[in-house]
Amino acid sequence: MKIKELLPILEELAPTAYAEDFDNVGLLVGNLETAILGILVCHDALEGVIDEAIAKKCNFVVCFHPILFSGLKKITGKDYVERAVIKAIKNDIAIYAVHTALDNHSLGVNTLIANALGLINTKVLVPKSDHIQKLTTYAPLENAETIRQALFAAGAGSIGNYEHCSFTSTGIGSYRGNKNSNPVLGERHQYMETPEVKIEVTYEKQLQNKIVNALFSNHVYEEVAYEIYSLQNIHQSIGLGRVGALVEPMAELDFLQFVKSKFKCGGIRHSALLGKKIQKVAVLGGSGSFAIQHALQAGADIYLTADLKYHEYYQAEGKIILADIGHYESERFTKNYIVDFLKEKITNFAVVLSEENTNPVKYL
């Protein structure tokens, strides 16, 4: 398998279109034509991880955090980023990052956290916006059903728990072809009015090329009339964080001890306890201070995240417990999930879990 053949599998794991605009996901280092000998899955593609990949004969590294996050103007080996990139290039090792593409996935990082805590009835904490598009097209009556089914097969028409969603209406289409036209109905220079079906479907924006190709491949007209709109609707199944409920309420300290044990936290920093049981829990792996208000609006009793700053704890306002469980700790189940996913999809070479602990934060 070449790298270019692996990319669709990684897109299924973590569609790059799901990533936040500030992020840098996908293939960071490597050549699409390189044959893969083995895959090493890690949290951070540091120099020690590249050494591990060399030792284990893996020339493709899948990392959670992108080692290349912002632009490099020089590559001289002066810091940990440049040293890792230089070593990877020298040893023909490719690096691929998933980060917020997996954060936003309905089965990704935050679902892993929710599952580890045993939460039920979970939903997205911060649903993703600007991700849904709408296609409108027009077709002759006898061609309309073929087009609808082709659009569904390409991934259009999925809304929450429902598939094959569309809206159709009928009307009269008109046209007149010039001397270079080759109309399916009528003749050149002839003004035509014919019954047509208007078809409307929504889809996730990363599917646009596939959707448009399906439309053009199945439409009988020489010139296909269609419009694409970006919708303001939020995507209820994709986004950052999760919020759900414990099967049975827990005392605050008991719950925090449970979290500390489950995520192997060196410690948990938290706002003032409220003296009531924990039932509704909001979670967001990694840096999540931006979603404190979302957790409050969701009615959560506690919000588990990482990288909270001093003044951000004041936002609890006596209404919620804010708990910083550690950045690495909150994402600790991620690389195991990636390994399990890839092993299920790939059988012709090894998929290896990195043994390197890349957590830069230490505790006494």
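Check the entry above for the structure.
What counts and what doesn't
- Along each chain, residues carry numbers from 1 onward, in the same order as the chain's sequence is written.
- Per-residue local features are limited, in this predicted model, to residues with pLDDT of at least 70; the limit for side-chain atom pairs, both in listing and counting, is 80 or more; totals at the level of whole chains, interfaces and linings are taken over all residues.
- Neither water nor hydrogens contribute to the side-chain values; these are computed over all heavy atoms in the structure.
- Each helix is a run of H or I in the DSSP string that is no shorter than four residues. Each strand is a run of E no shorter than two, and both are numbered from the N terminus.
- Buried means the residue's accessible area, taken with a 1.4 Å probe over protein chains only, is under 20% of the maximum for its type, while exposed means over 50%, and partly exposed covers the values in between.
- By definition in these notes, contact holds between two residues if any of their heavy atoms fall within 4.5 Å.
- In this scheme Phe, Tyr and Trp rings, the latter by its six-membered ring, pair at centre separations within 6.5 Å, and the angle between planes marks the pair as stacked below 30 degrees, edge-to-face above 60, and tilted otherwise.
- Whenever a nitrogen or oxygen atom comes within 3.5 Å of another N or O atom, the pair is scored as a polar contact, on the condition that within protein one atom can donate a hydrogen and the other can accept it, and that pairs from neighbouring residues in sequence are kept only if both atoms are in side chains.
- Think of the arc as the fan of directions from the helix axis to the C-beta atoms.
- Here the positive residues are Lys and Arg and the negative ones are Asp and Glu; neither His nor the chain ends is included.
- Put simply, a salt bridge is a Lys or Arg side-chain nitrogen that is within 4 Å of an Asp or Glu carboxyl oxygen.
- Residues forming no salt bridge and having over 30% relative accessible area are the ones grouped into patches, like charges within 9 Å of each other and nonpolar side chains (Val, Leu, Ile, Met, Phe, Trp, Tyr) within 5 Å.
- The Shrake-Rupley method, run with a 1.4 Å probe, gives the accessible areas here. Residue values count only the displayed protein chains as cover.
- We call a set of buried residues a nonpolar core when its members are Ala, Val, Leu, Ile, Met, Phe, Trp, Tyr or Cys and they connect through side-chain atoms within 4.5 Å of each other.
- Two strands pair under a simple rule: DSSP has to find at least two bridges between them.
- Axis definition: a line fitted to C-alpha atoms, limited for helices to the stretch in contact. Angles are taken between N-to-C directions and run from 0 to 180 degrees.

## A short note on the environment of Glu331
Then comes step 1: Secondary-structure assignment places Glu331 in the loop between α10 (327-330) and α11 (334-345).
Then comes step 2: The class for Glu331 is buried, based on a relative accessible area of 2%.
Then comes step 3: In this structure the C-alpha to C-alpha distance between Glu331 and Asn121, which are 210 residues apart in sequence, comes to 21 Å.
Then comes step 4: Glu331 has contacts with His43, Phe64, His65, Val109, Gly285 and Gly286, leaving out every residue within four places of it along the chain.

## Comments concerning the packing of aromatic side chains
Then comes step 1: All told, the structure shown has seven aromatic pairs when counted by the stated rule.
Then comes step 2: Ring centres of Phe255 and Phe258 lie 6.2 Å apart, and the angle between their planes is 45°; this geometry places the pair in the tilted category. Of this pair, Phe255 and Phe258 both sit in helix α8 (residues 252-262), three residues apart, roughly one helical turn.
Then comes step 3: Overall, Phe255 belongs to the buried group, its relative accessible area being 0%.

## Looking at the side chain of Thr305
Then comes step 1: Residue placement: Thr305 occurs in strand β13 (residues 302-306).
Then comes step 2: A distance of 3.0 Å separates a polar side-chain atom of Thr305 from the backbone oxygen of Gly286.
Then comes step 3: Every residue in contact with Thr305, bar those within four places of it in the chain, is listed here: Leu284, Gly286, Ser287, Gly288, Ala323, Asp324, Ile325 and Gly326.

## Some points on helix α6 (residues 141-153)
Then comes step 1: Those residues of α6 that fall on the buried side of the exposure criterion are Asn143, Ala144, Ile147, Arg148, Ala150, Leu151 and Phe152.
Then comes step 2: In the core, the buried residues of α6 are packed alongside β6 (132-140), β7 (167-176), β8 (191-204) and α7 (208-218).
Then comes step 3: Immediately downstream of α6, the backbone of Gly155 shows phi near 115°, a positive value.

## Section: helix α3 (residues 80-90)
Because each turn of an α-helix spans 3.6 residues, side chains separated by three or four positions end up pointing in the same direction.
Then comes step 1: Among the residues of α3, Val81, Glu82, Ala84, Val85 and Ala88 are the ones counted as buried. One face of α3 carries all of its buried residues, which in axial projection span an arc of 165°. α3 presents Tyr80 and Lys90 as exposed residues on the side facing more than 90 degrees away from its buried surface.
Then comes step 2: The elements touched by buried residues of α3 are α2 (47-55) and β4 (94-97).
Then comes step 3: Taking the backbone nitrogen of Val81 as reference, a side-chain oxygen 3.2 Å away marks Asp79 as the first, capping residue of α3.
Then comes step 4: Two residues or fewer after α3 comes Asp92, characterised by a positive phi angle close to 55°.

## As for the side chain of Glu204
Then comes step 1: Mapped onto the elements of the fold, Glu204 is located in strand β8.
Then comes step 2: An unpaired buried charge is present at Glu204: no salt bridge exists, and Lys205, the closest side chain of opposite charge, is 10 Å distant.
Then comes step 3: At 2.7 Å, the side chain of Glu204 and the side chain of Gln206 are in polar contact.
Then comes step 4: With near-sequence residues (within four places) excluded, Glu204 lies in contact with Tyr18, His131, His235 and Ile238.

## Remarks on a nonpolar patch on the surface
Then comes step 1: Among the surface-exposed residues, Phe216, Tyr226 and Ile228 lie close enough to one another that they form a single nonpolar patch of about 250 Å² accessible area.
Then comes step 2: You can see Phe216 is positioned in helix α7.

## Overview of the nonpolar core
Then comes step 1: Ranked by internal contacts, the top residues of the largest apolar core, which has 49 residues, are Ile39, Phe60, Leu117, Val281, Leu304 and Leu342.
Then comes step 2: It is helix α5 (residues 109-117) that provides the largest number of residues to this core, a total of six residues.
Then comes step 3: The next biggest cluster of nonpolar side chains, apart from the first, holds 20 residues, and it includes Val61, Val81, Ala88 and Ile93.

## Structural notes on the sheet that holds strand β5 (residues 120-128)
For sheets, the rule is that strands pair by backbone hydrogen bonds, running either parallel or antiparallel.
Then comes step 1: With mixed pairing, the six strands of this open sheet are ordered in space as β5-β10-β12-β13-β14-β11. Edge strands, defined here as strands with exactly one partner in the open sheet, are β5 and β11 (269-270).
Then comes step 2: The sheet contact formed by β13 and strand β14 (residues 321-324) spans four bridges and is parallel. If you follow Tyr303 over to β14, its bridge partner there is Leu322.
Then comes step 3: Of the strands in this sheet, β5, β10 (235-250), β12 (278-287) and β13 touch α5, which is tilted by about 145° from β12.
Then comes step 4: Lying over the sheet, α8 contacts β10, β11, β12, β13 and β14, oriented at roughly 125° with respect to β10.

## Concerning the sheet that holds β7
Then comes step 1: Spatial ordering of the open sheet is given by β7-β8-β6-β9, a layout of four strands whose pairing is antiparallel. Each edge of the open sheet carries a strand with a single partner, namely β7 and β9 (226-230). Between one strand and the next, the sheet's axes are offset by a mean angle of 25°, whatever the strand orientation.
Then comes step 2: The pairing of β6 with β8 spans nine bridges and is antiparallel. Across the sheet, residue Pro140 finds its bridge partner in β8, namely Glu196.
Then comes step 3: On top of the sheet, α7 reaches β6, β8 and β9; it is set at about 165° to β9, its chief contact.

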